[in-house]
Amino acid sequence: MATPLGARDGAEFAATAARARPATTSPHPATGKSPLVLSGATVVLPTGSVKDGRVIVDGTRIAGSAPENAQFIDVTGYTLVPGFVDIHNHGGGGASFTSGTADDVVTGIRTHRNHGTTTLVASTVTGDMDFLAQRAGLLSELAEQGDIAGIHFEGPFISPCRKGAHAENLLRHPDPAEVRKLVDAARGQAKMVTLATELPGGLDSVRLLAEQGVIAAIGHTDATYEQTVEAIDAGATVATHLFNAMPQIGHRAPGPIAALLEDERITVELINDGTHLHPAALQLAFHHAAAHRVAFITDAMDAAGFGDGRYLLGPLEVEVSEGVARLVEGGSIAGSTLTLDRAFKRAVTVDRLPVEDVVAAISANPARLLGMSDRIGSLEPGKDADLVLLDHQFDLKGVMRRGEWVVDPQLG
């Protein structure tokens, strides 16, 4: 089991690690470990970054003050940020969330945890409806155990015009009854369904998902601007990997991108791997949606954290070369090999985004979308002790999940 972290709010973080501490406490009964204080780092909080701050872990959660018997670790010169939250991820470590065994899924989860993703939604790709319902059953067990935060169905309710790396012969219209079948098969663990909302049944399916408390995401769509506005009004709240698998912006036919960027109700997913998006497109999204409406995702497939070679994405064969995944037949981009630590570093060092904006996009915003911001997404007392330790070059040097080191801190 995990053991958590501790953080103080803005003013308290400015205090040094040696300031007054409350009365002695014994090791946490759930973990058997003494409280831990990580001191001296730049700590990124919802209110901004605090230099020479500290994060306090007591049990599995972040605490507001340090008990007398706490263990201190000096992390001066490093940066502490909340654990990353990935709402769109198909696998990693050589394992697929769509076709692998339960052990394979756990391998993929662990691979991404080693790269800072402490909360992950497992995404499926298009398949036969009965098969997807069966996968939902397997994945829901892992969600009930707390290994994943839920399930995202990407397909089969998408446009054949914008299918990307999805098998066209398995695509279908978003019949609300069939959408409901997948949601029910997930036993309360369905978090998001990606739809081409312009297809027959699309708007009714969006309304159904909204009623069920499941995110309706617009993606793999050939919708017009006007059709996209209709879908947003019906209850859609997310743009699946904005810019990718949808019509591009035209000056007479602005298409879905303009509608998704301009509406405050929409959070836009971005794959910041240098392949899916030109830096100018990323800057455009941040300019129009602002940091509070962006969610960095990986859209990772099996090769993430594993290496080049041949893989299957659903029934389709994928060739990964120099870290870029493409369908063997047709050459379409087939997900990514991205991990969120790389997305974070690129956003700060290449895209020159403020660290606070990157933390919002990679932790706070996806946590809010999942309805989990009371537990994760920021370094605040009472929340799960999920954090990532970064060095001055923004390379990952430690990962903690629920107070337990997933990657031991590499200092010096």
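Just so it is clear, the structure is predicted and the values come from calculations on it, not from any experiment. (Residues numbered from 1 in each chain as written. Predicted model: local features only at pLDDT ≥ 70, side-chain atom pairs only at ≥ 80, totals over all residues. Heavy atoms only, no water.)

**Topic: the overall build of the protein chain**
- Looking only at helices and strands, the protein chain features 10 helices and 21 strands.
- In summary, the protein chain has a C-alpha radius of gyration of 21 Å against a globular reference of 22 Å for 412 residues, a match within 12%.
- With the principal axes as the frame, the protein chain shows a C-alpha extent of 65 × 45 × 45 Å.
- The proportion of buried residues among the 412 residues of the protein chain is 58%.
- Put simply, the protein chain has 33 plus and 50 minus side-chain charges, and the middle of one group is 4 Å from the middle of the other. (Helix = DSSP H or I, 4+ residues; strand = E, 2+ residues; numbered from the N terminus. Rg over C-alpha atoms; globule rule 2.2 N^0.38 Å. Buried < 20%, exposed > 50% of the residue type's maximum accessible area, 1.4 Å probe, protein only. Lys, Arg positive; Asp, Glu negative; His and termini not counted. Charge placed at Lys NZ, Arg CZ, Asp CG, Glu CD.)

**Topic: the nonpolar core**
- Within the largest apolar cluster, 92 residues are counted, with the highest numbers of intra-cluster contacts made by L242, L270, F286, F296 and F344.
- Excluding anything up to four places from it in sequence, F286 contacts L270, A291, V294, F296, L353, D357 and A361.
- Among the nonpolar cores identified, the runner-up in size contains 19 residues, and L38, I73, A385 and L389 belong to it. (Core = buried A, V, L, I, M, F, W, Y, C linked by side-chain atoms within 4.5 Å. Contact = heavy atoms within 4.5 Å.)

**Details of the pairing of strand β5 (residues 79-82)**
- By the alternation rule, side chains of β5 split into T79 and V81 and L80 and P82, which are all buried.
- For strand β1 (residues 36-45) and β5, the ladder comprises two bridges, and the chain directions are parallel. By the bridge assignment for β5, V43 is matched with L80.
- The sheet contact formed by β5 and strand β19 (residues 387-390) spans four bridges and is antiparallel. (Pairing = 2+ DSSP bridges.)

**A closer look at the packing of aromatic side chains**
- Enumeration over the complete set of coordinates arrives at three aromatic pairs.
- Ring geometry for F84 versus F344: centroids 5.7 Å apart, planes at 25°, classification stacked. Placement of the pair is F84 in strand β6 (residues 84-89) and F344 in helix α9 (residues 340-349), with a sequence separation of 260 residues.
- Judged by relative accessible area, which is 0%, F84 ranks as buried. (Phe/Tyr/Trp six-rings, centres within 6.5 Å; stacked < 30°, edge-to-face > 60°.)

**A look at the sheet that holds strand β12 (residues 215-218)**
- Strand order in the open sheet formed by eight strands is β6-β9-β10-β11-β12-β13-β14-β15, with parallel pairing between adjacent strands. The open sheet has two free edges, formed respectively by β6 and β15 (294-297), since each of these has just one partner strand.
- Relative to β12, strand β11 (residues 190-195) is paired through four bridges, and the arrangement is parallel. Bridging across to β12, T194 finds its partner in A217.
- Packed on one face of the sheet, helix α3 (residues 129-144) meets β9 (117-124) and β10 (151-154) and runs near 160° to β10. (Axes fitted to C-alpha atoms, helices over the stretch in contact; angles between N-to-C directions.)

**Regarding the sheet that holds strand β17 (residues 316-321)**
- One open sheet holds the three strands; their spatial order is β16-β17-β18, and the pairing between them is antiparallel. At either end of the open sheet lies a strand with only one pairing partner, and these are β16 (309-313) and β18 (324-327). Pairs of neighbouring strands in the sheet enclose a mean axial angle of 35°, with direction left out of account.
- As paired elements, β16 and β17 share five bridges and run antiparallel to each other. From the neighbouring strand, L313 faces β17, where its bridge partner is L316.

**Focus: helix α7 (residues 255-262)**
- Buried residues dominate α7, accounting for six of its eight residues.
- Three or more residues of α7 are buried, namely G255, P256, I257, A259, L260 and L261.
- In this structure, the buried side of α7 is in contact with β12, α6 (225-234), β13 (238-239), β14 (267-271) and α8 (279-289).

**Overview of the pattern of salt bridges**
- A complete count under the given rule lists 17 salt bridges for this structure.
- A salt bridge links D130 to K181; the shortest N-O distance between them is 2.6 Å. One end of the pair, D130, is in helix α3; the other, K181, is in helix α4 (residues 176-185), with 51 residues separating them in the sequence.
- Accessibility expressed as a relative area gives 35% for K181, which makes it partly exposed.
- As a salt-bridge pair, D184 and R180 come within 3.0 Å of each other at their nearest N and O atoms. Separated by four residues within a single helix, D184 and R180 lie in helix α4, roughly one turn from each other.
- According to the relative accessible area criterion, D184 is partly exposed, its value standing at 45%.
- By relative accessible area, which is 34% here, R180 ends up partly exposed. (Salt bridge = Lys/Arg side-chain N within 4 Å of Asp/Glu carboxyl O.)

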